[in-house]
Amino acid sequence: MEHMHCLRCNREIGVGQKSVALYMFAQTVGVRPRQKSAAHRISFCPQCAVSLAMGPPPEGALNMAAWDMIRDLVGSDPALNQAAWETLSGVVGLLPATGTDGTRSVPSPGSFEF
Ligand SMILES: [Zn+2]
């Protein structure tokens, strides 16, 4: 049983909970013997995935590639967005109401580093 944490906010992502997983491994090409690194799994909670996808492109080619993939997922189905809002409204519900601002805002995107 593995416990995953969101790479960005470090929230624990339980088994069966909604999240976005990125799988990554490296492999030599045209070199003998062929070598393959261990596969890494990187997880983001829905809120961070949506936030990242809606934010500006990150620095670095590798981050950029991951960002593109996350944007693909977030852009192709509203289900992930909905999951993010569910999580967010759960958090907002715990905060004292201001009574003035009824609008919801997406958390500002943070840095995106491996
Ligand atoms: Zn997160």
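It should be noted that the structure appears before, not after, this text.
This is a predicted model, so every value here is computed, not measured.

**Notes on the overall build of the protein**
Here comes step 1: Along the protein, the regular secondary structure elements total three helices and four strands.
Here comes step 2: Reading the helices (α) and strands (β) of the protein from amino to carboxyl end gives β-β-β-β-α-α-α.
Here comes step 3: Scored against the burial criterion, the 114 residues of the protein give a buried share of 25%.
Here comes step 4: Put simply, 55% of the contacts in the protein that link residues at least 6 apart link residues at least 24 apart.
Here comes step 5: A total of about 8,000 Å² of accessible surface is found on the protein, and carbon and sulfur atoms cover 56% of it.

**Re the packing of helix H1 (residues 46-54) against helix H2 (residues 61-76)**
Here comes step 1: Orientation of H1 relative to H2, taken along the N-to-C sense of each, is 110°, at an axis distance of 9 Å. When the axes of H1 and H2 are compared, the pair comes out roughly perpendicular. Contacts between H1 and H2 involve Ala 49, Val 50, Leu 52 and Ala 53 from the first element and Trp 67, Ile 70, Arg 71 and Val 74 from the second.
Here comes step 2: Classifying every residue of the contact of H1 with H2 gives seven nonpolar, no polar and one charged.

**Here's the deal with H2**
Residues lying three or four places apart along an α-helix face the same way, a consequence of the helix completing one turn every 3.6 residues.
Here comes step 1: An ideal rise of 1.5 Å per residue puts 22 Å on 16 residues; H2 measures up with 23 Å between its terminal C-alpha atoms.
Here comes step 2: Those residues of H2 not exposed but buried are Asn 63, Ala 66, Trp 67, Ile 70 and Val 74. When H2 is viewed along its axis, its buried side chains cluster within an angular range of 105° and face the same direction. Away from the buried face of H2 by more than 90 degrees, exposed residues Ala 61, Asp 72, Gly 75 and Ser 76 are located.

**As for the coordination of the zinc ion**
Here comes step 1: Surrounding the zinc ion are the protein donor atoms Cys 6 (SG), Cys 9 (SG), Cys 45 (SG) and Cys 48 (SG), which sit 2.2 to 2.3 Å from the metal.
Here comes step 2: Considering all four donor atoms around the zinc ion, angles at the metal cover 100 to 117° and the coordination shape is tetrahedral.
Here comes step 3: For the zinc ion, all donor residues lie on one chain, and their spacing in sequence is C-x2-C-x35-C-x2-C.
Here comes step 4: Judged by its relative accessible area of 4%, Cys 48 is buried.

Conventions used here
Each residue is numbered by its place in its chain's sequence as written, counting from 1. Only residues with pLDDT of 70 or above have their local features reported here, since the model is predicted, and side-chain atom pairs are shown and tallied only from 80 upward, although totals for entire chains, interfaces and linings are computed over all residues. The side-chain figures draw on all heavy atoms in the structure; neither hydrogens nor water molecules are used. Each helix corresponds to a stretch of at least 4 residues labelled H or I by DSSP, and each strand to a stretch of at least 2 residues labelled E; elements are numbered beginning at the N terminus. Using a 1.4 Å probe on the protein chains alone, a residue whose accessible area is under 20% of its type maximum counts as buried, one over 50% counts as exposed, and one in between counts as partly exposed. Throughout, a contact is declared for two residues whenever any of their heavy atoms are within 4.5 Å. Reported accessibility uses the Shrake-Rupley method at a 1.4 Å probe radius. Residues are deemed covered only where the shown protein chains occlude them. Here the axes come from fitting lines to C-alpha atoms, over the contacting stretch only for helices, and the angles between their N-to-C directions go from 0 to 180 degrees. Should an angle lie under 35 degrees it is considered roughly parallel, over 145 roughly antiparallel, and from 65 to 115 roughly perpendicular; all remaining angles are considered oblique. Just so you know the grouping, Ala, Val, Leu, Ile, Met, Phe, Trp, Tyr, Cys and Pro go in nonpolar, Asp, Glu, Lys and Arg go in charged, and all remaining residues, Gly too, go in polar. Expected helix span is computed as 1.5 Å times (number of residues minus one). As used here, the arc belongs to the directions running from the helix axis to the C-beta atoms. In this analysis a donor is any N, O or S atom within 2.8 Å of a metal ion (3.2 Å for sodium, potassium and calcium), and since water is not included, sites may seem incomplete. Angle rules define the geometry names used: all angles between 85 and 135 degrees makes four donors tetrahedral, while opposite donors over 155 degrees apart and all other angles between 65 and 115 make four donors square planar and six octahedral, leaving every other case irregular.

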